[in-house]
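Commentary on secondary and tertiary structure
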Amino acid sequence: VALIDCNGISKGDVGTVVGPLRNPGEGADHAERVSVEFGDGKGRAYMHATSHIEHARLAGGFRKGDLVVALIDCNGISKGDVGTVVGPLRNPGEVADHAERVS
């Protein structure tokens, strides 16, 4: 999620980190920047990884990379098992409460 307005990107726009800078020699802080794709009409921007963007919040306020503990037994996962949030559901249409779930 963009934290700043910059070159057609607006604060709050959601993008996907696609890799490092293509020309890493550009700018003194090049090692701290990543290439972010913001989609049609917005395109790609080089954003400072710690001050220009942050992980998008997912269902329940979780963020990608958060550690979680299973509260129930389900599909081979046992109550108490520890996992890592990897993102939103891949196929949200499969369950009615998809807006309240993460993968």
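These notes cover the structure that comes with them. The structure presented is a predicted model; accordingly, all values stated were derived computationally and were not measured.

A short note on the nonpolar core
- Ala2, Ile9, Val34, Val36, Phe38, Ala45, Met47 and Ile53 together form the largest nonpolar core, which totals eight residues.
- When contributions to this core are tallied by element, the ones reaching two or more residues are strand E2 (33–37) and strand E3 (44–48).
- Residue contacts for Ile9: discarding those within four places in its chain leaves Ala2, Ile4, Phe38, Lys42 and Ala45.

Some remarks on the sheet that holds E3
- Read from one edge of the open sheet, three strands run E1-E2-E3, paired in antiparallel fashion. Two strands bound the open sheet, and with one partner strand each, they are strand E1 (16–20) and E3. Across this sheet, the average inter-strand angle for adjacent strands is 40°, counted without regard to direction.
- Pairing of E1 with E2 involves four bridges; the strand directions are antiparallel. In the sheet register, Val17 faces E2, and the bridge partner there is Val36.

How each quantity is defined
- Note that residues are indexed from 1 along each chain, following the sequence as it is written.
- Only residues with pLDDT of at least 70 are given local features in this predicted model, and only at 80 or more are side-chain atom pairs given and counted; all residues enter the totals for whole chains, interfaces and linings.
- As a rule here, side-chain values cover all heavy atoms of the structure and leave hydrogens and water aside.
- Joining through side-chain atoms within 4.5 Å is the link that ties buried Ala, Val, Leu, Ile, Met, Phe, Trp, Tyr and Cys residues into a set, and such a set is a nonpolar core.
- The cut-offs for exposure are 20% and 50% of the maximum accessible area for each residue type, with area from a 1.4 Å probe on protein chains only; residues under the lower value are buried, those over the upper are exposed, and the others partly exposed.
- Under the scheme used here, helices are H or I runs from DSSP no shorter than 4 residues and strands are E runs no shorter than 2 residues, and both carry numbers assigned from the N terminus.
- Only heavy atoms enter the contact rule, under which two residues are in contact if any of them lie within 4.5 Å.
- A pair of strands is treated as paired once DSSP finds two or more bridges between them.
- Here the axes come from fitting lines to C-alpha atoms, over the contacting stretch only for helices, and the angles between their N-to-C directions go from 0 to 180 degrees.

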